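# Coordinate analysis (summary)
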Amino acid sequence: EQLPSSNDATQSGIVNPGGPIVVQVPALTGNDPEDGALGTGNTIQITTLPANGTLYYNAIAVTAGQIIPGYDPTLLTLDPGFDSGGTVTFTYAFVDAGSFADPTPALVTMNFIAPPVANDDTGPALTEDGANGTVNVITNDTDADGNPTAPVNGGGQFTVDLDPGTAGIQTTFT
């Protein structure tokens, strides 16, 4: 009997959804000399849990050492446990058809970035059929990975008619 091997998996640039929202874990893969390619439908064992997040399988929290038969990658999710940027890791091992586990578990690394923060904007008073005005809508916003997205004209500015059916000054826009 030859032992299976489990492959490390890394996923980077994941925008942290914040709160109790979970994200998909990258698909786990491996190989076994007798069983061939390992992945969907095979058995995995979660050998260590994330120190700073909660791992779920089919919406139920996973425990260290838990064996998951018939692994379905769409059911393995993670709540990173923080709302900013950071890294979450855990380890797993494939278990082959002979019930032998990979003795050197693989490392799963998930690198999160903080979500962008959009702040309220203010600008000059605009009047119906009056002079055009501009409000830079990204000047006071933040983006942890340094690439705030400007509106489609590329200048970070655009023109808004708050309510063409209403005359006069409109002071808010949601």
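Keep in mind that this is a model prediction, so the values were computed, not measured.

### Side note on the sheet that holds strand β10 (residues 76-79)
Strand order in the open sheet formed by four strands is β3-β10-β7-β8, and the pairing between neighbours is antiparallel. Two strands bound the open sheet, and with one partner strand each, they are β3 (23-24) and β8 (60-61).

### Brief notes about the sheet that holds strand β12 (residues 106-113)
Taken in spatial order, the five strands line up as β2-β12-β11-β6-β9 in an open sheet, and their pairing is mixed. In this open sheet, the two edge strands, each paired with only one partner strand, are β2 (9-15) and β9 (67-68). Bridge count for β2 against β12 is five bridges, and the pairing is parallel. Considered in β12, the bridge of Ala9 is made with Val108.

### Re the nonpolar core
Core analysis: the biggest nonpolar cluster contains 24 residues, and Val25 and Leu28 have the highest contact counts within it. Contributing elements (two or more residues each) for this core: β2, β6 (43-48), β7 (54-57), β10, β11 (86-95) and β12. In contact with Leu28, other than residues within four places in its own chain, are Leu38, Gly39, Ile44, Tyr71, Leu76, Tyr92, Phe94 and Val108.

### Describing the environment of Asn31
Assignment of secondary structure puts Asn31 in strand β4 (residues 30-32). Note on Asn31: relative accessible area 41%, which makes it partly exposed. Between the C-alpha atom of Asn31 and that of Ser6, which follows or precedes it by 25 residues, the distance is 6.6 Å. Discounting residues that sit within four places of it in the chain, Asn31 has contacts with Pro4, Ser5, Gly36, Ala37 and Leu38. In terms of polar contacts, Asn31 uses its side chain to reach the backbone amide nitrogen of Ala37, at 3.4 Å.

### Focus: unusual backbone geometry
For Asn58, which is not glycine, the phi torsion reads 55 degrees and is therefore positive. Locating Asn58 in the fold gives a position in the loop between β7 and β8. Despite not being glycine, Ala59 has its phi angle at roughly 70 degrees, a positive value. Inspection of the secondary structure puts Ala59 in the loop between β7 and β8.

### Re the side chain of Thr91
Here Thr91 shows up in strand β11. In terms of polar contacts, Thr91 uses its side chain to reach the side chain of Thr47, at 2.4 Å. Apart from the residues lying within four places of it in its own chain, the contact partners of Thr91 are Gln45, Ile46, Thr47, Thr48, Pro105, Ala106 and Leu107.

Conventions used here
Going along each chain's sequence as written, the residues are numbered from 1 onward. Local features in a predicted model are, by the rule used here, given only for residues with pLDDT of at least 70; side-chain atom pairs are given and counted only at 80 or more, and totals for whole chains, interfaces and linings are based on all residues. Values reported for side chains reflect all heavy atoms of the structure, with hydrogen atoms and water molecules removed beforehand. Any two strands with at least two DSSP bridges between them are considered paired. Think of it this way: any DSSP run of H or I at least four residues long counts as a helix, any run of E at least two long counts as a strand, and we number them from the N terminus. By nonpolar core we mean a set of buried residues, namely Ala, Val, Leu, Ile, Met, Phe, Trp, Tyr and Cys, connected to one another through side-chain atoms within 4.5 Å. Buried residues are those whose accessible area, probed at 1.4 Å on protein chains only, stays under 20% of the maximum for their type, while exposed residues exceed 50% and partly exposed ones sit between those limits. Throughout, a contact is declared for two residues whenever any of their heavy atoms are within 4.5 Å. Distance and chemistry together define a polar contact, namely a pair of N or O atoms within 3.5 Å, with one atom able to donate a hydrogen and the other to accept it when in protein, and with adjacent residues in sequence counting only for side-chain atoms on both sides.

Honestly, it's all geometry; don't read function into it.
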